[in-house]
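Structural characterization, general
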Amino acid sequence: EAGVTQSPTHLIKTRGQQATLRCSPISGHTSVYWYQQALGLGLQFLLWYDEGEERNRGNFPPRFSGRQFPNYSSELNVNALELEDSALYLCASSLMRGLVIRAGELFFGEGSRLTVL
Amino acid sequence: AQTVTQSQPEMSVQEAETVTLSCTYDTSESDYYLFWYKQPPSRQMILVIRQEAYKQQNATENRFSVNFQKAAKSFSLKISDSQLGDAAMYFCAYRSRGQMEYGNKLVFGAGTILRVKS
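In this report, the structure presented in the accompanying data block is examined. (Residues numbered from 1 in each chain as written. Chains lettered and ligands numbered in written order. Predicted model: local features only at pLDDT ≥ 70, side-chain atom pairs only at ≥ 80, totals over all residues. Heavy atoms only, no water.)

Quick word on the overall build of chain A
Basically, it comes down to this: Strands are runs of DSSP state E lasting at least 2 residues, helices are runs of H or I lasting at least 4, and numbering of each runs from the N terminus. Here the globule rule reads 2.2 Å times residues to the power 0.38, and the radius of gyration is calculated from C-alpha atoms. Each residue is placed in one exposure class: buried if its accessible area under a 1.4 Å probe, protein chains only, is under 20% of its type's maximum, exposed if it is over 50%, and partly exposed if it falls in between. By the convention used here, residues are in contact when the closest approach between their heavy atoms is within 4.5 Å. To be clear on the numbers: accessible area is Shrake-Rupley with a 1.4 Å probe, and residue cover counts the displayed protein chains and nothing else. Residues scored as positive are Lys and Arg, those scored as negative are Asp and Glu, and His as well as the terminal groups of each chain are ignored. To locate a charge, take atom NZ for lysine, CZ for arginine, CG for aspartate or CD for glutamate.
For chain A, the count of helices and strands is 0 helices and 13 strands. Starting at the N terminus, the α and β elements of chain A follow one another as β-β-β-β-β-β-β-β-β-β-β-β-β. Its C-alpha atoms give chain A a radius of gyration of 14 Å, near enough to 13 Å, the size a compact globule of 117 residues would have. Each principal axis of the C-alpha atoms in chain A carries an extent, and together these give about 40 × 30 × 30 Å. Counting across all 117 residues of chain A, residues that qualify as buried make up 50%. The long-range fraction of contacts in chain A, counting pairs at least 24 apart against all pairs at least 6 apart in sequence, stands at 55%. Surface summary for chain A: the accessible area is close to 5600 Å², and the carbon and sulfur share equals 50%. Considering chain A, the positive charge centre built from 10 side chains and the negative charge centre built from 11 side chains are found 4 Å apart.

If you want it as structure tokens, here you go:
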């Protein structure tokens, strides 16, 4: 079974540009989570999508946005890039069906390394 | 809001010896999950062990065990018989239980780098 896949592996942009990162969840998983891992800061929660809708958002400015497609894959967009956006962006997926939340395990991809020059 | 604190930025252990990684958390909730994740140089986060707050018994997975002290809000990870492959960044994480608006969202600590010496 394929795991969570992310693309691109590395991305280099300049200040002010836009970056788009992509994530394909494990087959059957409907929830996708995005995290930012900046040096020394651990993982900071960005966004959660489930069944095509944004369910929860972390403490990030609106220029961080995304969407989830009908096949449950997801895209993270970062507009007006700033130097401090340089980080590893991790996507994770999990099961979530109706009112039943499966017990807690997130399955992570290998991340996309974004460098802003 | 919940917070997770890992006070050890870096730890070292000799191969075959035991090491303990510390984690404390802050929450007003009574029911939740706690996790330890491992992130090797490949960058992929791997679940090491999970503890449910309502269970008094400490979780164990082979060489990995936890010391869960609910009153003290402490959740340490003990790695026995350390191996070279254990070298990685280790993250402690918290998840609310039963709160639909958060789903499976995890709150992470800043991580501890574990180095294993041969």
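Observations regarding the sheet that holds strand S1 (residues 5-7) of chain A
Residues and elements named next belong to chain A. What counts here: Strands qualify as paired when DSSP identifies two bridges or more between them. Axis angles are defined between N-to-C directions and span 0 to 180 degrees, where every axis is a line fitted to C-alpha atoms and, for a helix, only to the segment in contact.
Reading across the sheet, the 4 strands line up as S1-S3-S8-S7 and stay open at both edges, with antiparallel pairing between neighbours. The outermost strands of the open sheet, each flanked by one partner alone, are S1 and strand S7 (64-68). Neighbour to neighbour, the strand axes of the sheet diverge by 15° on average, direction disregarded. Alignment of strand S3 (residues 19-24) against strand S8 (residues 74-78), held across 5 bridges, turns out to be antiparallel.

Side note on the interface of chain B and chain A
Stated formally: What counts as buried area is the accessible surface, traced by a 1.4 Å probe, that two parts surrender upon association, with contributions from both included. Think of a salt bridge as a Lys or Arg side-chain nitrogen and an Asp or Glu carboxyl oxygen that are within 4 Å of each other. Any pair of N or O atoms that falls within 3.5 Å is considered a polar contact. Within protein, one atom must be able to donate a hydrogen and the other to accept it, and sequence-neighbouring residues count only if both atoms are side-chain atoms. Residues were grouped as follows: Ala, Val, Leu, Ile, Met, Phe, Trp, Tyr, Cys and Pro as nonpolar; Asp, Glu, Lys and Arg as charged; and all remaining residues, including Gly, as polar.
Taken together, the 23 residues of chain B in the interface contact 32 residues of chain A. Carbon and sulfur atoms supply 54% of the area buried between chain B and chain A, which totals about 2200 Å² over both sides. Seen at the junction of chain B and chain A, the total is 0 salt bridges. Counting the contacts that link chain B with chain A gives 6 residue pairs in polar contact (both at pLDDT 80 or more). Listed by contribution, the elements that provide at least two residues to the side of chain B that touches chain A are strand S5 (32-39), strand S6 (46-52) and strand S10 (88-96) of chain B. When residues in the side of chain B that touches chain A are grouped by element, the largest group, 4 residues, is from S5(B). Across the side of chain B that touches chain A, the residue classes tally to 11 nonpolar, 7 polar and 5 charged.

Re the environment of B:Tyr54
Residue and element names in this part refer to chain B. Along the chain, Tyr54 falls in the loop between S6 and strand S7 (60-61). A relative accessible area of 46% means that Tyr54 is categorised as partly exposed. Residues Tyr54 and Phe108, spaced 54 residues apart in sequence, show a C-alpha to C-alpha distance of 20 Å. Discounting residues that sit within four places of it in the chain, Tyr54 has contacts with Asp31 and Arg97. In terms of polar contacts, Tyr54 uses its side chain to reach the side chain of Glu52, at 2.9 Å.

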